[in-house]
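Structure at a glance
Residue strings, one per chain:
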Amino acid sequence: MKIRNIFTAAALAVVIAAGSARAEEPAAPATLFEYPSVPDKLTKPAMRANFMVEHLWDKCDLEKTAVTDLAAFHNTFTDYLSFFALADKAVVEKSIKKYVERVAKNPTNLNLTVGMLHSDVLNLRSQYCSDEVYTMFADNIAAAKKVDKALKAKLQAQAAVLANSAVGATVADFPLRQSPAGAASLYGLTAGTTILFFNSDGCIDCSIYKVRLSASIAASSLIKEGHLRIVSVYGGDPAAVESKLATEPADWEVACIDTAAYDQRLRPAVYVLDSDKKITTKFVDIDSLLHAIESVAQANDK
C-alpha cells in the first residue's frame, strides 16, 4: 500500500524476519497482547503484512473490555499502522472497517482510537502520518451506528479539510479583497502559478517566511511579467484585515476568507497552485520555494 513508509522495526521483524534466534535483544515495548504468528508458508513481505493487518486484533476483546494500559495500546496501535505500508490497500480498508465496527461498541476504546488518530496519523511530524489512513478511519467511524454524532461530525469535518486541501485538488474560488492584477477573485488570476500564503497571527516563522518571499527579486520579476501571483490569505473578521492592507507587498493579492476549510497543520501554510488552481504542492519550505522561483525566472530570461 503506497501510503507512506510508516512501518517500524517491529513491523519489519514480523514481516521480513523468518524467526531466527538473536542473542541478547533489548526488550520490546509492551503491547496489549501477544501478536499472532505468521504462517511459515507466507514468505513474501506483502503476504506477511496482509496477515498481520487481517489478524492482529483477532484475540483482543475490543468490544467489551476497556483498555487501561494506554502505553501498551499505543504501542499495539502504532504497530498495526506500521504494517499498512507493505499490505494491499484492499486488505487495509477491510481491516479498518472491521476494527471500527468492533471498537465502536466500546466508547472508551473508541475514544482512545480517535486520540491515536490525531496524535499519530494526523500529525505531520509522526512517522505514521497518513491523510489517506485517517480518512479511512474517519469514514468508517462516521458510518458506525453507535458513535456520538458530535464525534462523527468532528471527524467528517477534518476529513473534508484533508480532501479539499489534498495535492491534486482544485481550490474553490474566493473573492479578492485587494488585487494589483485587477482580478475580482482567485479564478480571475491568469498566471501559470499562484501561491497562497496563509497568514497566522503570532507566528514568527510565518513573518520571516513572508519577508523573505516578498523580498525575492525573482518573484517580483515573475509577478511583473504575469507568470506568478501571490495571494496573502487572512481568516477571521474582515474588518480587522482593513488595517493590514497597507502593510501588504504592493504586488501581492489579498483575500479574507474562512480559512478553516484549509489544511494548516504546518505553519507557515503555503500552497502552490497551477493555472487551473489545482494544488501542486503544499507546506513547501521557503528555501525550496525561493529556489524554484529563481530557477523559473532564470529559464524565462534565456
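Okay, so let's go over this structure. All residue numbers refer to position in the chain's written sequence, counted from 1. Note on the predicted model: pLDDT of at least 70 is required for a residue's local features to be given, and 80 or more for side-chain atom pairs to be given and counted; whole-chain, interface and lining totals, by contrast, use all residues. Hydrogens are left out, water is left out, and the side-chain values use all remaining heavy atoms of the structure.

1. Comments concerning the overall build of the protein chain
Looking only at helices and strands, the protein chain has eleven helices and five strands in total. Along the three orthogonal principal directions, the C-alpha set of the protein chain runs to about 65 × 45 × 30 Å. Relative accessibility thresholds used throughout: buried, under 20% of the residue-type maximum; exposed, over 50%; partly exposed, between the two (1.4 Å probe, protein chains only). Residues counted as buried form 46% of the 302 residues belonging to the protein chain. Contacts are residue-level and defined by heavy atoms, with any inter-residue pair within 4.5 Å sufficient. Expressed as a percentage of contacts within the protein chain between residues at least 6 apart in sequence, the contacts between residues at least 24 apart total 70%. Accessibility throughout is a Shrake-Rupley quantity obtained with a 1.4 Å probe, and a residue counts as covered only by protein chains that appear here. Per element, the accessible surface of the protein chain, about 15500 Å² overall, is 54% carbon and sulfur. Counting from the N terminus, the helices are DSSP H or I runs at least four residues long and the strands are E runs at least two residues long.

2. What about the nonpolar core?
What we call a nonpolar core is a set of buried Ala, Val, Leu, Ile, Met, Phe, Trp, Tyr and Cys residues that are connected through their side-chain atoms within 4.5 Å. Judged by nonpolar contacts, the single largest core of 47 residues is most densely connected at W57, F77, Y80, F84, I96, Y99 and F137. If you list the elements that add at least two residues to this core, you get α2 (45-55), α3 (70-82), α4 (89-103), α5 (107-121), α6 (131-143) and α7 (149-164). I96 has contacts with Y80, F84, V133, M136, F137 and N140, leaving out every residue within four places of it along the chain.

3. Some words on the state of the cysteines
Whenever a pair of cysteine sulfur atoms sits within 2.5 Å, that pair is classed as a disulfide. One pass over the full model with this rule turns up one disulfide. Across the disulfide, C203 is cross-linked to C206 (sulfur-sulfur distance 2.3 Å). Judged by the torsion about the S-S bond (75°), the C203/C206 disulfide is right-handed. Owing to a relative accessible area of 16%, C203 belongs among the buried residues under this scheme. By relative accessible area, which is 3% here, C206 ends up buried. Summary of cysteine pairing: C256 is not part of a disulfide, and the nearest cysteine sulfur, belonging to C206, is at 16 Å. Among the residues examined, C256 registers a relative accessible area of 16% and is labelled buried.

4. Regarding the environment of I141
Note that I141 resides in helix α6. Residue class for I141 comes out buried when judged on its relative accessible area of 0%. Residues I141 and V103, spaced 38 residues apart in sequence, show a C-alpha to C-alpha distance of 9.4 Å. In this structure, I141 is in contact with V100, L110, V114, L117, V147, K152 and L155, ignoring residues within four places of it in sequence.

5. Considerations on the packing of aromatic side chains
In summary, the pairing rule links any two rings of Phe, Tyr or Trp, Trp by its six-membered ring, whose centres are within 6.5 Å, and it sorts them by plane angle into stacked for under 30 degrees, edge-to-face for over 60 and tilted for everything else. Within the structure shown, the criterion is met by 18 aromatic pairs. Cluster of aromatic residues (ring-pair linked, three or more members): F33, Y35, W57, F73, F77, Y80, F84, Y99 and F137.

6. Observations regarding the pattern of salt bridges
Counted as salt bridges are all cases of a side-chain nitrogen of Lys or Arg within 4 Å of a carboxyl oxygen of Asp or Glu. Summed over all chains, the structure comprises eleven salt bridges. Two residues, E242 and R177, come together in a salt bridge whose shortest N-O distance is 2.3 Å. Taken together, the residues span a long stretch of sequence, with E242 in the loop between α10 (238-241) and β3 (253-256) and R177 in the loop between α7 and β1 (193-198) at a distance of 65 residues.

7. Side note on the sheet that holds strand β2 (residues 228-234)
At least two bridges found by DSSP between two strands are what make those strands a pair. Overall, mixed pairing links the five strands, which are arranged β3-β2-β1-β4-β5 in an open sheet. The strands lining the two open edges of the sheet, one partner per strand, are β3 and β5 (279-282). For this sheet, the mean inter-axis angle between neighbouring strands, taken without regard to orientation, is 25°. Pairing of β2 with β3 involves four bridges; the strand directions are parallel. Within the sheet, the bridge partner assigned to S232 lies in β3 and is V254. What counts as an axis is a line fitted to C-alpha atoms, over the stretch in contact for a helix, and the angles between N-to-C directions run from 0 to 180 degrees.

Spatial relationships are all this shows, so hold off on functional conclusions.
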